[in-house]
Amino acid sequence: MAAGVAAWLPFARAAAIGWMPVANLPMPVAPTEKNKRQDELIILNVSGRRFQTWRNTLDRYPDTLLGSSEKEFFYNEETKEYFFDRDPDVFRSVLNFYRTGKLHYPRYECISSYDEELAFFGIIPEIIGDCCYEEYKDRKRENAERLMDDQEDNKDSKLPNMTFRETMWRAFENPHTSTMALVFYYVTGFFIAISVITNVVETVPCGSAPNQKEVPCGERYTVAFFCMDTACVMIFTVEYLMRLFAAPSRYRFMRSVMSIIDVVAILPYYIGLVMTDNEDVSGAFVTLRVFRVFRIFKFSRHSQGLRILGYTLKSCASELGFLLFSLTMAIIIFATVMFYAEKGSSSSKFTSIPASFWYTIVTMTTLGYGDMVPKTIAGKIFGSICSLSGVLVIALPVPVIVSNFSRIYHQNQRADKRRAQKKARLARIRISKTGSSSAFLHSKRNGLFNEALELTVRPEEQRLSKSTSLLESQHHHLLHCLEKTTVSAHNHEFVDEQCYQQSYLEAGLQTYPSRSPSLSSQDGVTGTCCTRRSKKRHTPLPNASAQAHMHPLTHPHAHQQGLQELSTIHIQPLSTSRSSLNMRVDEPAPLNCQSGQITTAIISIPTPPATTPEGDAHPPAGPAHQNVVKVSAL
Amino acid sequence: MLTAIWETEGLQTVGIVVLVCASIKLLHLLGLINFSEDSVEDELELSAVRHRPEGLEQLEAQTRFSRKELQILYRGFKNECPSGVVNEDTFKDIYAQFFPQGDASTYAHFLFNAFDTDHNGSVSFEDFVMGLSILLRGTVQEKLNWAFNLYDINKDGYITKEEMLDIMKAIYDMMGKCTYPVLKEETPRQHVEIFFQKMDKNKDGVVTIDEFIDCCQNDENIMRSMHLFENVI
């Protein structure tokens, strides 16, 4: 029930006495209120700021944190207050909700922090009052769009195991992914430009024979132009067919706007080839050539601005429709009036209403060619009213279109900027994470050192080595326990990141069926790869970043360990060549790798020469075996 | 020929008239000319009616509530009605929230009139608290008096069958449609008949206050139910 209504319940119950004389049956017994508390003030301490309110106020909404017994978890016995370690500014809005029954969303507040606070206090955001709901929804939508943009960027990642078709499609869609794609992109752009210029130059009058009239270049150098045209159309056709082949969904590709433009651009040529020099259809054929100008739209694949413009026009369709409609109305009205006004004057050009349409359009758009001019006074009056109203009608929807365009354009710019910044951001985050992982190895060495000198160690030395904080030491202990858990005949240990020799790795890597839920296909030894999506899952983990934790190839048996995958595993397919091992993984940059590559694969080769595992074991160049067993990464 | 000239002239006149009208409208828009005399805008917005109750001591004397209880009551009242008075629509809204299934507006209307003792169209805090004082802390006599006042719609001292029927229908409306067994049309009427048979001693078709109080005091059920809500606050 709403806030104040709970306060009115006593009144409603009292008013029920009005029914009593009318009732025929005895009334049920009223519920008694045991240990009825007097209303008391309770203190809510939110990060140091104290709020006080009546207990009844909070009890109004028993399905929230503050209204239920859940708040007892936060009760502090000594200070007799409820302590919440949350943002006091947002808490103001939350408490006001209890007081007034309406939840307001402050504009200056970040939407995600507000959402988090609401979730903490058990309040659903849908009850935000009407005054603030629109703002809240707008901000939320913006935020969601931004997140979606970020996620879409990740689709750019190259899956190491894409088919040729997928690679091609990716090359077409994102030219900056590989040099071949870039070359292709520029070549097609160049040929589009050539084609358009050819079409234009065809019609320019070239020099002519002395006693003949000027001939357009197209007719003078027919063969040359025909060859150019053929070449361009050839390129376009090949490109279209390649795109059609590579498209993941051919039917959808054929229906898309760009493909239709492509088809329209090359069809006239083929139709021209097919049709013979038939006099009847040559006229139609000439008309078809007009469609060649559509090739210029192919540039929209190359220019983002064009795409934005097209998208804006599409999204402003209703405004444009309104503009058109109102213009039509005005044109008809004014044309009629002008016609009747000018009917009387002699030699008037306003011969009919449709003839006056031309005058009206020219006047309303303030062109004023001057080929039709009113001569009577009435005509002049109405003509001036027409031009004034024309300015107004056209000026009205234009700002809407402009603001739409501006919004979309800025959104695009922001997306580009974010993408550019993201790389730098991620790199910095990775660097800070490596710190923690190398700290573990460092402390482990110290720990080993300490263990070895256990008998002889002196207290001061021990204390000296305990320079790490309690949290760190507990974390290292945890990792240590993990190492000890995965004991078989030999310990598997975390090692420094050193790249193993290529031959080592070439022994094939088996994929470890990761337990990451985001991986789609992970059936054992099939060479599927974890994608970056799994990386996204794992980066928020506080543990050490992805390292190449490799253990030396000294294991007599291959078994898959129950290592938990805490960051991405980058696994190559079984049959890849050496060059493909050079794929970059999104791993910490500072590694002393020989090949500059980081693989997080740990390989254990079945029958290696026995060597004891050490801290920083250099991996000997072991025999290349076909069945590498395990991948583990931390 | 002549028609052509007339047409031109006519259109010229039309054009001039249009121009003149437009300019007058423009001047009116700019505020230079005023057409009607009483075009004074309602600049003075009716300031919100605000009402402050009498002091706490006076209310304490007039009602049977303690100081603390009055404080609690006032806080709840003021929270819901910051302006200090309840008008009939708010009253109906609040009361309707307790009976979501039916239509409580008619009964709330009668209730409002019962609370609004000075009949000024709004229930102030004093009216509210006085009413509650009678209902919760009053003697049985006072409560029955209050109930009679509720039923007597036109406050003439007699309850007629029509008045009772209105009240009865209002009460049954609060039940709503979804009842078991289904309420029939004549159920309120029958109920009124029973009521009058019980109350109307001299069978004159109306129930006076004395008949009412007498009869109620003789009825066990009614007497017991009068004490039902005593510990509400």
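Here the residue numbers are simple positions, counted from 1 along each chain's written sequence. Numbering of ligands from 1 and lettering of chains from A proceed in the order in which they are written. Reporting of local features is limited, given that this is a predicted model, to residues whose pLDDT is at least 70; pairs of side-chain atoms are given and counted only at 80 or more, and all residues count toward the totals for whole chains, interfaces and linings. Hydrogens and waters are ignored; side-chain quantities use all the structure's heavy atoms.

Visitor: Which parts of the structure should I look at to understand the overall build of chain B?
Guide: Helix and strand definitions here come from DSSP, where helices need a minimum of 4 consecutive H or I residues and strands a minimum of 2 consecutive E residues; each element is numbered from the N-terminal end. Broken down by element type, chain B carries 11 helices and four strands. The rule is simple: take the accessible area with a 1.4 Å probe, protein chains only, and divide by the maximum for that residue type; under 20% is buried, over 50% is exposed, in between is partly exposed. Relative to its 233 residues, chain B shows a buried fraction of 37%. Residue contacts are counted whenever heavy atoms from the two residues lie within 4.5 Å of one another. Within chain B, contacts between residues separated by at least 24 positions form 57% of all contacts whose residues are at least 6 apart in sequence.

Visitor: Hey, could you run me through a nonpolar patch on the surface in this one?
Guide: Residues and elements named next belong to chain B. Candidates for patches are residues over 30% relative accessible area with no salt bridge; among them, like charges are joined within 9 Å and nonpolar side chains (Val, Leu, Ile, Met, Phe, Trp, Tyr) within 5 Å. Per-residue and other accessible areas were derived by the Shrake-Rupley procedure at a 1.4 Å probe size, with only the shown protein chains allowed to occlude residues. Definition used for salt bridges: Asp or Glu carboxyl oxygen within 4 Å of a side-chain nitrogen of Lys or Arg. A surface patch of nonpolar side chains, about 550 Å² in accessible area, is lined by Leu26, Leu27, Leu29, Leu30 and Leu32. Structurally, the position occupied by Leu27 is in helix H1 (residues 2-29). Since its relative accessible area comes to 35%, Leu27 is described here as partly exposed.

Visitor: I tried to follow the UniProt feature "transmembrane region" (unreviewed entry) in chain A on my own but got confused; where do I start?
Guide: As annotated in UniProt, the feature "transmembrane region" (unreviewed entry) corresponds to residues 180-201, 221-241, 253-275, 320-341, 353-369 and 381-402 of chain A in the numbering used here. Taken end to end, residues 180-201 of chain A is 100% helix and 0% strand, and its two terminal C-alpha atoms sit 31 Å from one another. UniProt positions are given in the numbering used here, feature names are shortened, and annotations may be inferred rather than shown by experiment.

Visitor: Just checking my understanding: could you explain the packing of aromatic side chains for this structure?
Guide: When we look at a pair of aromatic rings, we describe it by the centre distance and by the angle of the planes. Planes of paired rings set the category: under 30 degrees apart is stacked, over 60 is edge-to-face and the rest tilted, where pairs are Phe, Tyr or Trp rings (Trp by its six-membered ring) whose centres lie within 6.5 Å. On inspection of all chains with the given rule, the structure shows 48 aromatic pairs over all chains. Summarising the aromatic geometry, the rings of Tyr75(A) and Tyr82(A) are spaced 4.9 Å apart at their centres and angled 55° between planes, so their arrangement reads as tilted. With relative accessibility at 28%, the residue Tyr75(A) sits in the partly exposed group. Charge over a ring is defined by NZ of Lys or CZ of Arg lying within 6 Å of the ring centre and within 35 degrees of the ring normal. Against the face of Phe120(A) rests Arg86(A), its NZ or CZ located 4.0 Å from the ring centre. Against the face of Phe196(B) rests Lys161(B), its NZ or CZ located 5.6 Å from the ring centre.

Visitor: Quick question: what am I supposed to make of the sheet that holds strand S3 (residues 75-76) of chain A here?
Guide: Pairing between sheet strands relies on hydrogen bonds along the backbone, with the strands arranged either parallel or antiparallel. Residue and element names in this part refer to chain A. As summarised here, the arrangement of the four strands in space is S2-S1-S4-S3, forming an open sheet in which the pairing is mixed. Each of the sheet's edge strands pairs with one partner strand only, and the pair in question is strand S2 (49-54) and S3. Note on method: axes are straight lines fitted to C-alpha atoms, helices fitted across the in-contact stretch only, with angles between N-to-C directions ranging 0 to 180 degrees. Where helix H3 (residues 88-100) meets the sheet, its contacts fall on strand S1 (41-46) and S2, and the angle it forms with S2 comes to roughly 5°. Note: two strands are recorded as paired if DSSP finds a minimum of 2 bridges between them.

Visitor: Which parts of the structure should I look at to understand the interface of chain A and chain B?
Guide: Interfaces are often described in size by the accessible area the parts lose on coming together. Between chain A and chain B, the residue contacts involve 43 residues of the former and 54 residues of the latter. Here the quantity called buried area is the accessible surface, traced with a 1.4 Å probe, that two parts lose on coming together, added over both. Both faces considered, chain A and chain B share a buried interface measuring about 4,100 Å² in area, 71% of it formed by carbon and sulfur atoms. When the buried area of chain A at its contact with chain B is split by residue, Trp8(A), Phe11(A) and Ile17(A) rank highest and sum to 18% of it. Applying the counting rule to chain A against chain B returns zero salt bridges. Any N or O atom pair separated by 3.5 Å or less is treated as a polar contact, with the protein-specific requirement of one donor-capable and one acceptor-capable atom, and with residues adjacent in sequence counted only for side-chain atom pairs. Inspection of the chain A/chain B interface yields three residue pairs in polar contact (both at pLDDT 80 or more). If you list the elements that add at least two residues to the side of chain A that touches chain B, you get helix H1 (3-15), helix H14 (317-342) and helix H16 (377-395) of chain A. Among the elements that line the side of chain A that touches chain B, the one with the most residues is H1(A), at 11 residues. By the convention adopted, Pro, Cys, Tyr, Trp, Phe, Met, Ile, Leu, Val and Ala count as nonpolar, Lys, Arg, Asp and Glu as charged, and the other residues, Gly among them, as polar. In the side of chain A that touches chain B, the residues fall into 31 nonpolar, six polar and six charged.

Visitor: How should I be thinking about H3(A) in this particular structure?
Guide: In an α-helix there are 3.6 residues to a turn, and that puts residues three or four apart on one side. Residue and element names in this part refer to chain A. Taking 1.5 Å of rise per residue, 13 residues should cover 18 Å, and H3 covers 18 Å from first to last C-alpha, within 8% of that figure. Taking the backbone nitrogen of Asp89 as reference, a side-chain oxygen 3.2 Å away marks Asp87 as the first, capping residue of H3. Just past H3, the residue Gly101 takes up positive phi, approximately 85°. A helix is expected to span 1.5 Å for every residue after the first.

Visitor: Help me understand the packing of helix H9 (residues 222-246) of chain A against helix H11 (residues 257-274) of chain A in this model?
Guide: Two numbers describe a pair of packed helices, the interaxial angle and the distance between the axes. All names here are of chain A. Contact geometry for H9 and H11: axes closest at 10 Å, N-to-C directions at 135°. The orientation of H9 relative to H11 falls into the category oblique. Note on packing geometry: the crossing formed by H9 with H11 is left-handed. Across the interface between the two elements, Phe226, Asp229, Thr230, Val233, Phe236, Thr237 and Tyr240 from H9 touch Ser259, Asp262, Val263, Ile266, Tyr269, Tyr270 and Leu273 from H11. Geometric relationships in this document are graded by angle, where less than 35 degrees denotes roughly parallel, more than 145 denotes roughly antiparallel, 65 to 115 denotes roughly perpendicular, and other angles denote oblique. What makes a crossing left-handed is the near helix being turned counterclockwise from the far one by less than a right angle; a clockwise turn instead makes it right-handed.

Visitor: Sorry if this is basic, but what is going on with the UniProt feature "domain: EF-hand" (unreviewed entry) in chain B here?
Guide: Residues and elements named next belong to chain B. Per the UniProt record, "domain: EF-hand" (unreviewed entry) is found at residues 103-138, 139-174 and 187-222. As annotated, residues 139-174 has a helix share of 72% and a strand share of 8%, and its two end C-alpha atoms lie 28 Å apart. Annotation note: span residues 187-222, helix share 72%, strand share 8%, distance between end C-alpha atoms 21 Å.

Visitor: How should I be thinking about the pairing of strand S4 (residues 81-84) of chain A in this particular structure?
Guide: Working note: regular strand, side chains alternate between the two faces of the sheet. All names here are of chain A. Alignment of S1 against S4, held across three bridges, turns out to be parallel. Within S4, the position partnered with Asn45 by the bridge is Phe83. Both S3 and S4 contribute to a ladder of two bridges, which runs antiparallel. Residue pairing in the sheet places Tyr75 in a bridge with Tyr82 of S4. Between the end of S3 and the start of S4, which pair antiparallel, lie four residues, with Lys80 showing a positive phi angle near 55°.

Visitor: It is not clear to me how helix H15 (residues 353-364) of chain A should be interpreted in this structure. Could you clarify?
Guide: All names here are of chain A. For H15, which comprises 12 residues, the first-to-last C-alpha distance of 16 Å matches the rise-based estimate of 16 Å (1.5 Å per residue) to within 8%. When we look at burial in H15, the residues that qualify are Ser356, Tyr359, Thr360, Val362, Thr363 and Met364. The inward-facing, buried residues of H15 contact H14 and H16. One or two steps after H15, the chain reaches Thr366, where phi turns positive at roughly 55°.

Visitor: Teacher, can you tell me more about the pattern of salt bridges here?
Guide: Side chains bearing opposite charge may pair, as long as their charged atoms lie close to each other. Under the counting rule described, the total for this entry stands at 25 salt bridges over all chains. Notably, a salt bridge pairs Glu135(A) with Arg107(A), separated by 3.1 Å at the nearest N-O pair. Separated by 28 residues along the polypeptide, Glu135(A) in helix H5 (residues 130-154) and Arg107(A) in the loop between H3 and helix H4 (111-120) bring together distant segments of the chain. For Glu135(A), a relative accessible area of 22% translates into the label partly exposed. Note that Glu193(B) and Lys161(B) form a salt bridge whose closest N and O atoms lie 3.7 Å from each other. A residue pair is termed long-range when its members are at least 10 positions apart, and Glu193(B) in helix H9 (residues 187-199) and Lys161(B) in helix H8 (residues 161-175) qualify at 32 residues. Overlapping salt bridges bring together Glu239(A), Arg243(A), Asp262(A), Lys298(A) and Arg301(A) as one network.

Visitor: Even after reading the chapter, I still don't get the pairing of S1(A), so can you show me in this structure?
Guide: Residues and elements named next belong to chain A. Pairing of S1 with S2, which is carried by six bridges, proceeds in the antiparallel orientation. When the bridges of S2 are listed, Leu41 appears paired with Trp54. From the end of S1 to the start of S2, which pair antiparallel, there are two residues, and Ser47 there has a positive phi angle of about 50°.

Visitor: Even after reading the chapter, I still don't get the confidence of the model for chain B, so can you show me in this structure?
Guide: Detailed conclusions should not be drawn from predicted coordinates in areas where pLDDT is low. All names here are of chain B. pLDDT is defined as a per-residue confidence score from the predictor, taking values between 0 and 100. Averaged over every residue, the pLDDT of chain B is 82; the share at 70 or more is 88%. Looking at the elements of chain B, mean pLDDT is at its lowest for H1, recorded as 78, and at its highest for helix H5 (residues 105-115), recorded as 90. Per-residue pLDDT stays below 50 along residues 42-47; that stretch engages in zero contacts with residues further than four places along the chain or on separate chains. Taken together, the chains of this predicted complex give a pTM of 0.53 and an interface ipTM of 0.74.

Visitor: Looking at this structure, I do not really get the nonpolar core. What am I missing?
Guide: Within soluble globular proteins, side chains that are nonpolar tend to cluster in buried spots. One finds Tyr95(B), Leu111(B), Phe128(B), Met164(B) and Phe212(B) to be the most contacted residues of the largest nonpolar core, which totals 65 residues. Among the elements that line this core, the one with the most residues is H8(B), at eight residues. Note on terminology: a nonpolar core comprises buried Ala, Val, Leu, Ile, Met, Phe, Trp, Tyr and Cys residues joined through side-chain atoms within 4.5 Å. Judged by nonpolar contacts, the second largest core, of 26 residues, contains Phe51(A), Leu65(A), Tyr98(A) and Ile111(A).

Visitor: Could you clarify how one ought to interpret the confidence of the model for chain A in this entry?
Guide: With 67% of its residues at a pLDDT of 70 or more, chain A has an overall mean of 73. Across residues 497-634 of chain A, confidence stays below pLDDT 50; counting only partners more than four residues off in sequence or on other chains, it has 277 contacts.

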